[in-house]
Amino acid sequence: MARRQFKLPDVGEGLTEGEILQWFVQVGDRVTTNQTLVEIETAKAAVELPSPYEGEVVELLAAVGDVIDVGAPIITIETEPDGAPSVPAPAAPSEPGAQAAQVGVAAAMGGADPEIAAGLIGGEAPGGRTAVLVGYGPRTTTAKRRPRRAVHESGHRPTPAPDPASEVLGGPLGTEGVKPTRYAGVEFGRLIEARESAHGGESVPARTIGVDEQGDAGRVTVLAKPPVRKLAKDMGVDLRSVTPTGPGGTITRADVAAAAGPAAVSLAGESRSSTAREERIAVKGVRKMTAQAMVASAFTAPHVTEFLTVDATRTMDFVEQLKRHPSMQGLKISPLLVVAKAVCLAARNTPEANATWDEAAQEIVLKRYVNLGIAAATPRGLLVPNIKDADSMSWPEMAVALNQLSATAREGRTSPADMAAGTITITNVGVFGVDSGTPIINPGESAILAFGAIRPMPWVVDGQIVPRQICTLALSFDHRIVDGATGSRFLVDVGRVIEDPITALIL
Amino acid sequence: MALAPEEPELVQLLTPEGELVEHPDYRVDFSDEELRGLYRDLALVRRIDAEATALQRQGELGIWASLLGQEAAQIGSGRAMGPNDHVFPTYREHGVAWCRGVDPLNLLGLFRGVDMGGWDPEEHHFHLYTIVIGAQTLHAVGYAMGLQRDGMVGDGGPELTGAAVAYFGDGATSQGDVNEAFIWASVFQAPVVFFCQNNQWAISEPLERQTRIPLYQRASGFGFPGVRVDGNDVLATYAVTQAALARAREGSGPTFIEAYTYRMGAHTTSDDPTRYRIAAEVEAWKLKDPIERLRSFLIRTGKADQDWFEALEEESNQLAKHIRAGCLDMPDPSPMTMFDHVYVDPHKPLANQREQFAAYLASFESTSEEHS
C-alpha cells in the first residue's frame, strides 16, 4: 500500500492560495496520471489540476469553496489500490536514460515529493505567508539555522570584514549577554555610558536602547524585531508598555498581542493588517476581478441610466397564481421571474440593448439570443452567472433555471462557464430593500436592469389615490450602442410587462 | 483582427483541409518517409509540451511556456536548417530545440529551476533560451556578422556556409532591440533570418496594438524582403525558411519571415487567456490546426496507415513517461556549481570566491540536504 498526497501547487508564480471550485473525482474513483482531478481558482486564473499519480482516490482533503494554502494536501491517492507489491518509481526508458543523466547537476537530493524544507525568507511576517513577486513564497514553517561546526577543521572559515563602527564601539558584550547590533545609526542592546567615557567623548555618540532598568528616566527600554514593531504599530500598542518575555528581554509577538487585549489578539492572526480604527483587506480573487471588470466597464462604456416607476400589483397577483400552478410545484417563484421574462421579450424588440461593442472590428454585434445574467451576492462575492438562451424558455423552464442559478451560486459552485458569454444582466437590488440604483454594465454587454424593491405606495388610478405595489426600474445602457430613444423603448417594454404580465403574450 | 481571413500574399502549400496547393515561388519535394517524419516531429513535440504543462500544474515546474498551435512554424523552420545554421531562440522554441537535437529534459530543467538550460549551444547550434524580449535578435545579427568575417558566406552550400536564425514573436517587433537588429542586418547584409512567429497575442495585447500594417511589410522599410507564410503549414514554413536560409548563406542578406499562426494556449502557465480573448477566436483557429491538416493529408493519400499512427501514439506515450520520470528525478543543483560556467577560463578572483564559499558551506555541521 502506498498512499500519496497531492499538495496544492503554485500554478502561477508566487500564488499563496487557491479556492476549490469543483472536484471531478470522488472517493473510490480510479484515476490515471494527468487525469483532471479538480478545478481551482487562484488570484490569477481558474485552473484544472491533473493528477500526478495513478491509483484510487482515498480521500478528498478539501471541500468545494475551501480556500487552501499552496503546499497543503488536497487529495490522497492510493497508488497500489490492489495491494500489489511495491512498484518502483517509473523506470526511465533504457535508451534515453543516458540523456537524462546529463541533465541537471551533482548532489542528489529530494524527489517528487520533498519534505517541507526550512524557510529562508520571511521570518515572522504577519499572518504567516507573504506573497512574493516570483517563486514559491516563503514557507510557513519556522526557519531553523543549521548548526555550525564547533571547530573549523579547514581553517578557511571566512572572517567577516571588520565593521568600522563596531571597531570604534568594540569591547566586551554587555552584562546581559545580548549581542549588540547597529541599526540606522542606533546601537541596540548595550549600555553606552562606558563607551562614551572610554573614548573620551571623541567618537560619534551613539544613542543606545538598553534592556535593563525598566523605567529609568530618559531611556527607552525596548527590544523588538522589526516585524514585531510593525505589529505593535498596526495594533496601536506602545512597546514601552509591553512586558518582554522573549530571549534576552526582547518583546515577542505574543507579548504585543497580550498587551493589546483579547479583542486585538484575534486580529493579529489574520491575513489582514488592521488597527482598532481601520481594517485593511487584501484585494484578491473575486473582489479583484469585480473591481477590474467594473473599472473597465465604467471607463470604456459611457453609461446612461434611466428610471421608470411602475405599478407591479398585477405582477404580484400573477406570481401568486403561478405559485399555485401545477407546473411550478416545488419551485421558488418571485417577481424576478416576470422581470426576467420581460427583459427577454424587450430584447427582442430592442436588440441594441442585447449587444456587444466590438472595438477591434469597429462593429456592433447584435445578439439573436439572450444569455440572461443575474447578479448574485454569493459567499465568494459578486458573481454574474447567466441563463443560456433564456429567450427561448417557457415560464416553467425559466423558473427552473432561476432556481438552479441561485442554488448554484449560493453553494459557491458557479463555474466560469456559467459566467461566460452573458448578453444582458438583471441586478435585483430590491432584495436588499432599496428602491433603485445606477448599475454598472457587465463588461461585454450593452445594458443592465436594476430591479428595485416592490412596496405599497400611494398611486393614482383613474383620478383616485389608491395603495398599489410600486417598484422602480433603472436601466443603465452603453450610449455607444443604445441611444436615449432606444433605451427608453426597452425600459418601457419591460415596464409594460410588469404593469400587466398579460402583455408578455403580445409583446 | 486575429480572425482576419488569409490574405492573398500568405504562402501556403497545405490547406487546413489537408489539400496540397501550388505556389509560384515555393515548393517542397518530400518522400513519404520524410512527410511521416515531419508528422512525427509535430506530434511528439506537442506531447512533450502537454506533459510539461501537466507537470507544472502538479507543482514540478515553476512555469512553462506552451508552444501549442505553433508546432508547424517551429518544426518547418527547424528542419529546414543546415548543420552550420545557428538558432537564437526565445523561451518557447521547444520544437526548434527538438529539431536541433536538444534533449527536452534540458528544457524542463530550466523551467524547474535546477539549471540555466544546460545544453551546449555550440554542439547543437542552438543558443540558450532568452527571456528578455527580442534581445536575441541582436545576438543573432552579431553572430551572423561573425560568420561573414569567418568566410562562412558564399556559394559553398549548407555544408560550408551558415546563417543565424533569430526567433521572436509579434510583440517583440515593437522592441527597440529588434528594430536595431533589423538595421544592422540590413546595412551589413548579415546572413540572418528573422523568423517571427506571429501568434496574434503578446500576452494579452492583440496584434492590432503592435502594428497598423502586416508585420512582414515592415521589412521593406528596413531594406530587405519580408514574406508571410502560413505558420500552421509545416510544408510552406519549411519551403520559405529554406529559401531564406539559402539567400542568407550565399551573401544576399537578411529575410523577414512572418509565420502567421496562433497561440492556442496561455502565454505561460501563469496566464489565463480567457480573461482577454473570446472562445470563438480559439475555436476558429482550431480548424486550422497544424497537425490535423498533415494527418488528413497522410491518411487520404495513403502515405501512412492506422498501424503507423498507433505506433506513433505508443512512442509518444513512452516519451511522455520518460519526460515525467526524468523531470521528477532531476537532482537539485549543488551550490558549488554556480561557479562552473561563469567564465571560459578560470581566474584567481573566481577561484578565491569558490574556495571561500566551499569553506563557508563546510562550516555547517550538516549539509543542507541532510538538514531538510
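For the structure given in this document, a descriptive report is provided here.

What counts, and at which threshold
- Residues numbered from 1 in each chain as written.
- Chains lettered and ligands numbered in written order.
- Predicted model: local features only at pLDDT ≥ 70, side-chain atom pairs only at ≥ 80, totals over all residues.
- Heavy atoms only, no water.
- Helix = DSSP H or I, 4+ residues; strand = E, 2+ residues; numbered from the N terminus.
- Buried < 20%, exposed > 50% of the residue type's maximum accessible area, 1.4 Å probe, protein only.
- Contact = heavy atoms within 4.5 Å.
- Areas by Shrake-Rupley, 256 points an atom, 1.4 Å probe, with all protein chains shown as cover.
- Patch = residues over 30% accessible without salt bridge, like charges linked within 9 Å, V, L, I, M, F, W, Y side chains within 5 Å.
- Salt bridge = Lys/Arg side-chain N within 4 Å of Asp/Glu carboxyl O.
- Lys, Arg positive; Asp, Glu negative; His and termini not counted.
- Charge placed at Lys NZ, Arg CZ, Asp CG, Glu CD.
- Arc of directions from axis to C-beta.
- Pairing = 2+ DSSP bridges.
- Axes fitted to C-alpha atoms, helices over the stretch in contact; angles between N-to-C directions.
- Expected span 1.5 Å × (residues − 1).
- Phe/Tyr/Trp six-rings, centres within 6.5 Å; stacked < 30°, edge-to-face > 60°.
- Lys NZ or Arg CZ within 6 Å of the ring centre and 35° of its normal.

Some thoughts on the overall build of chain B
- In terms of regular secondary structure, chain B is built from 14 helices and seven strands.
- Across the 372 residues of chain B, 57% fall into the buried class.
- Summarising the internal contacts of chain B: among those between residues at least 6 apart in sequence, 75% fall at separations of at least 24.
- For chain B, the accessible surface area stands at approximately 15,400 Å², while carbon and sulfur atoms represent 54% of it.

Side note on the overall build of chain A
- Looking only at helices and strands, chain A features 13 helices and 21 strands.
- Evaluated residue by residue, chain A yields a buried proportion of 37% over its 507 residues.
- A fraction of 58% describes how many contacts in chain A between residues 6 or more apart in sequence connect residues 24 or more apart.
- Element-wise, carbon and sulfur atoms account for 56% of the exposed surface of chain A, whose accessible area totals about 27,600 Å².

Structural notes on a negative patch on the surface
- On the surface, a cluster of negative charge is made up of Asp305(B), Asp307(B), Glu310(B), Glu313(B) and Glu314(B).
- Residue placement: Glu310(B) occurs in helix α12 (residues 306-328).

Overview of helix α4 (residues 226-235) of chain A
Residue and element names in this part refer to chain A.
- Turning to α4, its buried residues are Val 228, Leu 231, Ala 232, Asp 234 and Met 235. Seen end-on, α4 carries its buried residues on one side only, within an arc spanning 165°. Facing away from the buried side of α4, by more than 90 degrees, are the exposed residues Pro 226 and Lys 233.
- Remark: Gly 236 follows α4 within two positions and exhibits a positive phi of approximately 75°.

Topic: the sheet that holds strand β2 (residues 17-23) of chain A
All names here are of chain A.
- Read across the open sheet, the four strands follow the order β5-β4-β2-β7; overall the sheet is antiparallel. Taken across any chain shown, the strands that pair with only one partner, and hence form the sheet edges, are β5 (46-50) and β7 (67-69). This sheet shows a mean twist of 40° between the axes of neighbouring strands, independent of strand direction.
- The pairing of β2 with strand β4 (residues 36-41) spans four bridges and is antiparallel. Looking at the pairing, Ile 20 lines up with Ile 40 of β4.

Concerning helix α10 (residues 395-410) of chain A
Residues and elements named next belong to chain A.
- Between its first and last C-alpha atoms α10 spans 23 Å; for 16 residues at 1.5 Å apiece the expected length is 22 Å, and the two agree.
- Within α10, burial applies to Trp 395, Met 398, Ala 399, Ala 401, Leu 402, Asn 403, Leu 405, Thr 408 and Ala 409.
- Those residues of α10 that are buried are in contact with α8 (313-324), α9 (335-349), β15 (372-378), β17 (386-387), α11 (416-419) and α13 (503-506).
- Looking one or two residues beyond α10, the residue adopting positive phi is Gly 412, at roughly 70°.

What about the pairing of β15(A)?
Residue and element names in this part refer to chain A.
- Most of β15 is tucked away, with five of its seven residues classed as buried.
- Relative to β17, β15 runs antiparallel, the two being bridged by two bridges. Within β17, the position partnered with Leu 372 by the bridge is Ile 387.
- The pairing of β15 with strand β18 (residues 424-427) spans four bridges and is parallel. Residue pairing in the sheet places Gly 373 in a bridge with Thr 425 of β18.

Comments concerning the sheet that holds strand β6 (residues 55-60) of chain A
Residue and element names in this part refer to chain A.
- Overall, antiparallel pairing links the four strands, which are arranged β1-β8-β6-β3 in an open sheet. What marks the edges here is a single partner per strand, and that holds for β1 (3-7) and β3 (30-31).
- When β3 meets β6, the two strands line up antiparallel, connected through two bridges. By the bridge assignment for β6, Arg 30 is matched with Glu 56.

Here's the deal with a nonpolar patch on the surface
Residue and element names in this part refer to chain B.
- Residues Ile 183, Trp 184, Val 187 and Phe 188 make up a contiguous nonpolar surface patch of about 400 Å² in total accessible area.
- Tracing the backbone shows Trp 184 in helix α7 (residues 176-187).
- Overall, the relative accessible area of 44% leaves Trp 184 in the partly exposed class.

Describing the packing of aromatic side chains
- Applying the stated rule across the entire model yields 28 aromatic pairs over all chains.
- Ring centres of Tyr260(B) and Trp285(B) lie 6.0 Å apart, and the angle between their planes is 45°; this geometry places the pair in the tilted category. Taken together, the residues span a long stretch of sequence, with Tyr260(B) in strand β7 (residues 255-260) and Trp285(B) in helix α10 (residues 279-286) at a distance of 25 residues.
- Given a relative accessible area of 6%, Tyr260(B) falls into the buried group.
- Sitting over the ring of Trp395(A), Lys341(A) keeps its end group 5.6 Å from the ring centre.
- The aromatic ring of Phe309(B) is capped on one face by Arg295(B), whose charged end is 4.3 Å from the ring centroid.

Details of the side chain of Arg100(B)
Residue and element names in this part refer to chain B.
- Looking at the element boundaries, Arg 100 is found in the loop between α3 (94-99) and α4 (104-112).
- Asp 85 provides the closest opposite charge to the buried, salt-bridge-free Arg 100, at an N-O distance of 5.9 Å.
- Discounting chain neighbours no more than four positions away, the residues touching Arg 100 are Met 81, Gly 82, Pro 83, Asp 85, Val 87, His 124, His 125 and Phe 126.

Quick word on the pattern of salt bridges
- Across all of its chains, the model carries 26 salt bridges over all chains by this definition.
- Note that Arg314(A) and Asp500(A) form a salt bridge whose closest N and O atoms lie 3.7 Å from each other. Of the two residues, Arg314(A) is situated in helix α8 and Asp500(A) in the loop between α12 (484-499) and α13; the sequence distance between them amounts to 186 residues.
- We classify Arg314(A) as partly exposed; its relative accessible area is 46%.
- Put simply, Arg46(B), Glu71(B) and Asp289(B) are held in one network by salt bridges that share partners.

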